[in-house]
Structure formats: structure tokens, C-alpha cells
Amino acid sequence: MHIIFYPQQDSSQELREQILALEDRAWPSLRGAPWPQREHRVSLCGKENGLLIAHAAVAAAALSYKGQSYRAFGLCEVVVAPEYRGRGLALALIAAARETMQREGADLCVFTCEPELCGLYTRAGWRQMDRLSVCGGTAPGALHSDSLGLCTLLSLFSPKAVSHQSDFACGELILPLEEGELW
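Residues numbered from 1 in each chain as written. Predicted model: local features only at pLDDT ≥ 70, side-chain atom pairs only at ≥ 80, totals over all residues. Heavy atoms only, no water.

### Comments concerning the overall build of the protein chain
The following threshold applies: Working definition: helices are DSSP H or I runs of at least four residues, strands are E runs of at least two. Numbering for both runs from the N terminus. Throughout this description, buried means an accessible area under 20% of the type-specific maximum (1.4 Å probe, protein chains only), exposed means over 50%, and partly exposed covers the range between. Any two residues having at least one pair of non-hydrogen atoms within 4.5 Å are treated as being in contact. Here the open area of atoms and residues is found with the Shrake-Rupley method and a 1.4 Å probe, where only the protein chains shown may cover a residue. His is not counted, nor are the chain ends, whereas Lys and Arg count as positive and Asp and Glu as negative. The atom standing in for a charge is NZ when the residue is Lys, CZ when it is Arg, CG when it is Asp and CD when it is Glu.
Looking only at helices and strands, one finds four helices and nine strands in the protein chain. If you list the helices and strands of the protein chain from N to C, you get β-α-β-β-β-α-β-α-β-β-β-α-β. Among the 183 residues that make up the protein chain, the fraction classed as buried is 48%. Contacts in the protein chain between residues at least 24 apart in sequence constitute 73% of all its contacts with a sequence separation of at least 6. Surface exposure of the protein chain reaches about 9000 Å², of which carbon and sulfur atoms provide 50%. A gap of 6 Å separates the mean positions of the 16 positive and 21 negative side-chain charges of the protein chain.

### Observations concerning the nonpolar core
Filter applied, for reference: Take the buried Ala, Val, Leu, Ile, Met, Phe, Trp, Tyr and Cys residues and link them wherever side-chain atoms come within 4.5 Å; each set so joined is a nonpolar core.
Judged by nonpolar contacts, the single largest core of 59 residues is most densely connected at Leu-75, Met-101, Leu-108, Tyr-121, Trp-126, Phe-168 and Trp-183. Ranked by residues supplied to this core, first place goes to strand β3 (residues 51–65) with ten residues. Once residues lying within four places of it in the same chain are set aside, the contact partners of Trp-126 are Leu-75, Ile-94, Arg-98, Met-101, Cys-109, Phe-111, Tyr-121, Leu-153, Leu-154 and Ser-155.

### A closer look at the packing of aromatic side chains
Filter applied, for reference: The criterion for an aromatic pair is that two Phe, Tyr or Trp rings (for Trp, the six-membered ring) have centres within 6.5 Å, with stacked assigned to planes under 30 degrees apart, edge-to-face to planes over 60 apart and tilted to the rest. Should the NZ of a Lys or the CZ of an Arg lie within 6 Å of a ring centre and within 35 degrees of the ring normal, that charge is described as sitting over the ring.
Under the definition given, this model contains five aromatic pairs. Judged by centre distance (6.4 Å) and plane angle (85°), the ring pair of Tyr-121 and Trp-126 falls under edge-to-face. In this structure, Tyr-121 and Trp-126 share a single accessibility class: buried. Ring pairs connect the aromatic residues Tyr-65, Tyr-70 and Phe-168, which therefore count as one cluster. Its guanidinium or amino end placed over the ring of Trp-126, Arg-98 lies 5.0 Å from that ring's centre, counting from NZ or CZ. Its end group placed over the ring of Tyr-70, Lys-160 keeps NZ or CZ at 5.2 Å from the ring centre.

### A short note on the pattern of salt bridges
Selection rule: Within this document, salt bridges are pairs made up of a side-chain nitrogen of Lys or Arg and a carboxyl oxygen of Asp or Glu, the two lying within 4 Å of each other.
In this structure the tally under the stated criterion is one salt bridge. The closest approach of N and O atoms between Glu-83 and Arg-25, which form a salt bridge, is 2.4 Å. Of the two residues, Glu-83 is situated in the loop between β4 (68–80) and α2 (89–103) and Arg-25 in helix α1 (residues 13–26); the sequence distance between them amounts to 58 residues. Residue classification places Glu-83 among the partly exposed residues on the basis of a relative accessible area of 45%.

### A look at unusual backbone geometry
Although it is not a glycine, Asn-49 sits at a positive phi angle of roughly 55°. Here Asn-49 is to be found in the loop between β2 (42–48) and β3.

### Looking at the sheet that holds strand β5 (residues 108–113)
Applied cut-off: Should DSSP find at least two bridges between two strands, the strands are regarded as paired. Angles shown run from 0 to 180 degrees and are taken between the N-to-C directions of axes, each axis being a line fitted to C-alpha atoms and, for helices, limited to the stretch in contact.
Taken in spatial order, the seven strands make up an open sheet running β1-β2-β3-β4-β5-β8-β6, and their pairing is mixed. Looking along the sheet, the strands with just one partner apiece sit at the ends: β1 (2–7) and β6 (127–128). Across the sheet, α1 is in contact with β1, β2, β3 and β4; its angle to β3 comes to roughly 95°. Each of β1, β2, β3, β4, β5 and β8 (151–156) is contacted by α2, which is oriented at about 155° to β4, the strand it contacts most.

### Details of the environment of Pro-82
One can find Pro-82 in the loop between β4 and α2. Its relative accessible area of 36% is what places Pro-82 among the partly exposed residues. C-alpha separation for the pair Pro-82 and Arg-25, spaced 57 residues apart in sequence, amounts to 7.8 Å.

Printed below as a string of C-alpha cells:
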């Protein structure tokens, strides 16, 4: 698999349609979901023989937490075509995403996932945070990871974030996202 990086705002309509089609195949319950209103920083597209077989997106936002400001990144939309699963492609894709976050100066990366996927992300360097939840904003309809039964994963990159590691042991991170969004 060859990984290609695209700033999402520069991606073509054709690539967007390919990403959405891949997501539709992998997640039929979300079939027909539109392209996100808020574009992510970058799409990592895994291609083999010109075919899109995997995708992940890296998001970013300013985060204020326990009196500190952080440049927070998130991992989103990690998907591998069903017929290509079991080959280590997801691990390769998220490792590349992690390197991208570090290269772009992220203080930390936080995101949520289904409990059965936590092992994949911990193998790639994230820590599962059982007492830390994520909320997708302050609106009345904001999504909360704990009420959705999702796991929170965290990786601290910068010296500043590492020096405040104990702050992340428990609590709720409120990301400045739109209603219905959650990393």
C-alpha cells in the first residue's frame, strides 16, 4: 500500500467521492453521509494499483483544559476496505497519521473509538484512558464518548503536554466541534 497525503481542502471531488464510497462499504449504517462540513487538516489515502483501499483523516483544534491551552489533533475516519483487512494496513495508516501529527507540532492527540478497536490504537502508541471522556462541544446535542460507550485514546507529544500528564488521568475534554461531531 502506498500512502498519499492530501490537505482535505485540496482534494478533488473524485477523491472525495472515493473516500465516501469506501466509508459506505465499510460502515453501511452511515451510508449516504455527506462530506463533513468542517474539513480535516489532512487525508491519508492508502492506494494499491491506483485503487483507494484505506483512508484516515487528521483533525485539529485548539483545546483548553485545566488552565492550559493545547494544539490538539484527532484521528478520524480510519477505514480499510473489507477485502484488504487483516494485512496491517490500518496500523500502517495510523502510524503515518501519528508521524504527521508530531511533524505538524501537535501537543497531543485525542480521539474515541469502539472498544474492540482499542488494541489496534494502543499497538500504534496511544494510551487507552478509562477515566477520561471526550465531549464534542458545548451545544445541547453534543456527543459524549462515555454515553456512547466509546473508548478514549490519548497520546501526549509536546514537552508541555507531557509535563501536565497527570491532568489527563481523569476528566472530560471538551473539543470545539459542531453538534453531532466527535473525534
